[in-house]
Protein chains: 2
Amino acid sequence: MSKDKFTLGIDYGTESGRAVVVRARDGKLLSSAVIPYPDGVIDERLPSGSKLEPDWALQNPLDYLYVLDGAVPKALKEAKVRGEDIIGIATDFTASSPMPTKADGTPLAAIPKYRKAPHAYVKLWKHHAAQPEANRINEVGRERNEDFIRIYGGKYSSEWFFSKLLQVVDEAPEIYDAMDRFIEAGDWIVWQLTGKEKRNTCTAGYKGMWVKGRGFPSRDFFGSLHPRMENVIAEKVGEDYSPLGACAGRLTAQWAKKMGLAEGTPVAVGNVDAHVAVPACTVTEPGSLVMIMGTSICHMLLGKEKQMVEGMSGTVEDGIVPGLWGYEAGQSAVGDIFAWFFEHGVPDYILREARKMKVPFQTALEKRAAALRPGESGLVALDWWNGNRSVLVDVDLTGVMVGMTLATRAEEIYRALIEATAFGTRTIIEAFESKGIAVKELVACGGLPEKNRLLMQIYADVTGREIKLADPLQTCSALGAAMHAAVAAGAARGGYDSIVEAAKKMARVQKLTFKPRAERHAVYDRLYGEFHLLHDYFGRGGNDVMKRLKALRREMAAE
Amino acid sequence: MSKDKFTLGIDYGTESGRAVVVRARDGKLLSSAVIPYPDGVIDERLPSGSKLEPDWALQNPLDYLYVLDGAVPKALKEAKVRGEDIIGIATDFTASSPMPTKADGTPLAAIPKYRKAPHAYVKLWKHHAAQPEANRINEVGRERNEDFIRIYGGKYSSEWFFSKLLQVVDEAPEIYDAMDRFIEAGDWIVWQLTGKEKRNTCTAGYKGMWVKGRGFPSRDFFGSLHPRMENVIAEKVGEDYSPLGACAGRLTAQWAKKMGLAEGTPVAVGNVDAHVAVPACTVTEPGSLVMIMGTSICHMLLGKEKQMVEGMSGTVEDGIVPGLWGYEAGQSAVGDIFAWFFEHGVPDYILREARKMKVPFQTALEKRAAALRPGESGLVALDWWNGNRSVLVDVDLTGVMVGMTLATRAEEIYRALIEATAFGTRTIIEAFESKGIAVKELVACGGLPEKNRLLMQIYADVTGREIKLADPLQTCSALGAAMHAAVAAGAARGGYDSIVEAAKKMARVQKLTFKPRAERHAVYDRLYGEFHLLHDYFGRGGNDVMKRLKALRREMAAE
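Parameters at a glance
Residues numbered from 1 in each chain as written. Chains lettered and ligands numbered in written order. Predicted model: local features only at pLDDT ≥ 70, side-chain atom pairs only at ≥ 80, totals over all residues. Heavy atoms only, no water. 1 Å grid on protein atoms, 1.4 Å probe; cavity = no way out; pocket = protein on both sides within 12 Å on 5 of 7 lines; lining within 4 Å. Points joined across faces, edges and corners; volume = space filled by probe spheres on them. Nonpolar A, V, L, I, M, F, W, Y, C, P; charged D, E, K, R; others polar. Axes fitted to C-alpha atoms, helices over the stretch in contact; angles between N-to-C directions. Helix = DSSP H or I, 4+ residues; strand = E, 2+ residues; numbered from the N terminus. Parallel < 35°, antiparallel > 145°, perpendicular 65-115°, else oblique. Contact = heavy atoms within 4.5 Å. Pairing = 2+ DSSP bridges. Buried < 20%, exposed > 50% of the residue type's maximum accessible area, 1.4 Å probe, protein only. Least-squares fit on C-alpha atoms with pLDDT ≥ 70 in both.

S.K.: Can you lay out the layout of surface pockets for me, pointing to particular residues and giving the numbers?
M.R.: By volume, the second largest pocket amounts to about 1,800 Å³. What lines the second largest pocket is a set of 49 residues, among which A:Asp43, A:Pro54, A:Asp55, A:Arg553 and B:Ala407 lie closest to the centre. Looking at side-chain class alone, the lining of the second largest pocket contains 18 nonpolar, eleven polar and 20 charged residues.

Right under this line is the structure:
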């Protein structure tokens, strides 16, 4: 038997980075080390103290290097694997989380003179302050009938690359002028590891208007957005993009030493956390919708043909698995809504009960909520606490709850919130199916499915589809990164020549599945009808109260 | 100086009864004794153990006698007033709270064979299980173009006398047959005190379809509702009604002894808690809207002419003050909504802060909510946690909240609930003014104004009207009862010959008032616009989701 080979996956999430060491032949997880970002999500004040406006969300790029320093040696040590037995390295990252740098890759945020400039930092995926810019992009894009409008299901999001860049141009032209590059953090970290800038097609395709075979929109388009941006592609963004699984370059001596790896180890091109998770959930064919369930949900689906679906985040050829179209949709808050409720909505009687039961209050709450039947609470909610990503693509939408009475209890509100997020997923499934893209089953990964079984059963009952769960021992994005590391290494070095091969050997799902129950599904059909009616009334112009309230709120905050 | 005379007011509320001794010449409060009802509000199980269906709310009539036994002697003792110096007794009661009795006044609920029969008990004002019956009454009433449909602003409520009686007929015909009388608890208690059944025009006019000079609808009408009810007026209800302030009779020897009063003391006819409060707030002329603010709000207004206003609870000639039309409107839950929020919506960080500040958590919450500006929360709610009384008259409506984000905090939700109830009051004011009935100022009494200053300021800012407060030392209903006791006694015995005279001497308001602030009123105009749009959408058939959710809820509860 030949000596085992291993790969290193590094998963950059919203709050922390994780390094895993995985055995190449079967995907066995040997170790996993997590390092929280020292500055976390910067949404109130910069590390330098300056106060941020509402809807901002930044990160400090130096925190990403801190993860390399800290998590990788720890993971290697825990795995008892020598650095030279790591045949490949791959990363995955939240997206779109772009940042300005100098020509040598130095982040503007790391240069003393820019430390007090909010626009010098990474704009995290959930930075929501670029809506006016997104509106302008959509307006100009529609007028000019640009490709990207169709590719993104009709709307380019405020969360994405060029909305965020245009906000820099609008609000801080001096930062725009000072930057040599504007780059996804996921590409920047690969640049750090290899010493060479090499961007990936996945992030560019899903977030950056890039189309395989055609590249970016014209100079003319960017010039129409803002005269300063006419040459943005040539000057700040570049046109050289590499497909997923490709080798971006070789690990530098400096980082090899710092992390305890061999210099020259192949490093895969960057990837997006949601996309990299799909093969890690065993999905390399159409028909299975992968849900990466955490603070938000990303819905990933493969298809054989180009199809424009309303409100999809993107439809990219080879965007997830080579040879297939990858569709991405999403809900902008799911776990975040429950976390909000845990902080702001749990009353004393639940806390007392939990203390009595000697369990976390979430367990007491879930137990009560699980005892309710669909429709019993009389509540229905719209899950728009952080706007609506798919299918409405509108960050200015907000949450709604209907049906409260004097008898309404906290567990009923909690269950209604779970149901609302399930209705949101069903809306996305129906959008796919309305265009003939079948969704036969769901495969769930991420933090939520393991934590909340009630949630999974409700999703099965609401959608009427069986839900499989990813391997509970793995973080699916980290495993997906480790699988892409094996592809970057190639079969000759002990890895694989394609992600489909890697998925066959390295990925698995659990035996446990959640099956829909017909009688509950029938009740949820009725509740979903109510959700749908409210969804269209508040989301499609029947009553723009949410936008007016948000505008009034901004007005009052500005006074 | 002549020896002082005193009157006794007995105020029957939702949870307890209160006896006050008041000096006749100036209304000075000498004592106040409260006795909670032993069985309280019966809304889950009968005292005999039988489980009630949702929306039921009953009381045990023997609890009302328990108040006489307990509170009156206590109040006399505390006041240091001899029984023979009490020149008159008057009561006021929640309404419509009717009950079945035998011919001698014995409540069916007090007869052993009926103790397990829910329909034998008092149906408390907030009993909401007679909506199908109210619907039938309205349907038949509209078809036949009955007077009462117009008098009640277009709809007869499920909370009222004949809806509750028809529910007995529908669900327990044996109880209907067994009762000799169906009587408001407010008239029944006067019957107990005097030994003679004597009903009042106020309760009959506002809750029982009775019209001055015309009496009740015809036998034909009642026969159309249900064949069994054709002779209901002659058989169970009676046609002899006495005006407010009239003397119903003289105190019996038995009750004089039990309470320590003089046999033969004049007892006023029954009155409704909200109506009796109007002169106690100094209001005996048009233009001042009296708000009795507690678990719900009753809005009372005087006018010089008969006017039909949408969703009014009633318009009764001499119904509050002789010679004027008395209008009644209301919101079915106000303090109840805040109590609901205090129990089900206050998170741990508020509780912890309150402990740190060494104040009740309500104080900590109010402090935070008071620091917010109108519109700052981005929230707007419909205050329909217990249905909508005026102007929609629909118990099947439920609460709504719009605008939640991940940044929404508990104090913002609390403030939005307060604002929603203020918008509800503004809707009522606008309904009056649309018919030319001016509302120049507001006068508030009840438990809420003293407890919650933020609430009062928000009401002033939302309505754009100055709010006066009733004398904080008085319970306005109890004082109103004591004033009517003085009228029942008459000037010759040391009382007064009219309620207008009694109000001049016995009632007063505070110097402290709440004045609207123009800039806040302007912001609230915009928020009220949003409230109004949602109000009409959910309340006037734009989307009957609330009714469908309630129906589904009943269906699931029945399974």
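S.K.: Break down the packing of helix H17 (residues 453-463) of chain A against helix H20 (residues 518-539) of chain A for me, with residues and values.
M.R.: All names here are of chain A. Where H17 meets H20, the axes come as close as 7 Å, and the angle between the chain directions of the two elements is 70 degrees. One way to sum up the angle between H17 and H20 is to call them roughly perpendicular. In this structure, H17 contributes Ile458, Asp461, Val462 and Thr463 to the contact, and H20 contributes Arg520, His521 and Tyr524. Of the residues contributing to the contact of H17 with H20, the split by class is three nonpolar, two polar and two charged.

S.K.: I'd like a description of the sheet that holds strand E19 (residues 441-445) of chain A, backed by residues and values.
M.R.: All names here are of chain A. With mixed pairing, seven strands are arranged side by side in an open sheet as E15-E16-E14-E13-E19-E20-E21. Each edge of the sheet is formed by a strand with only one pairing partner; in this case those strands are strand E15 (314-317) and strand E21 (509-514). Ignoring strand direction, the axes of neighbouring strands in this sheet form an average angle of 25 degrees. Looking at chain direction, E15 and strand E16 (residues 325-331) are connected through four bridges and run antiparallel.

S.K.: Please provide a residue-by-residue account of the pairing of strand E13 (residues 288-293) of chain B, values included.
M.R.: On any regular strand, side chains alternate: one points to one face of the sheet, the next to the other face. Residue and element names in this part refer to chain B. Here E13 lies mainly inside the structure; six of its six residues are buried. Of the two faces of E13, the one lined by Ser288, Val290 and Ile292 and the one lined by Leu289, Met291 and Met293 are each fully buried. Direction of pairing for E13 relative to strand E19 (residues 441-445): parallel, over a ladder of five bridges. Bridging from a neighbouring strand, Ile292 pairs with Cys445 of E19. In the sheet, E13 pairs with strand E14 (residues 297-303) via four bridges, with the strands oriented antiparallel. Looking at the pairing, Met293 lines up with Ile297 of E14. Connecting E13 to the antiparallel partner E14 that follows it, the hairpin turn spans three residues.

S.K.: Quick one: what's the story with the relation of the copies chain B and chain A, residue by residue and with numbers?
M.R.: In the superposition of chain B on chain A (RMSD 0.0 Å, axial shift 0.0 Å), the rotation amounts to 180 degrees. Expressed as an axis order, the relation between the two copies is that of a two-fold axis. Mapped onto chain A, 100% of the interface residues of chain B again fall at the interface, so both copies present the same surface.

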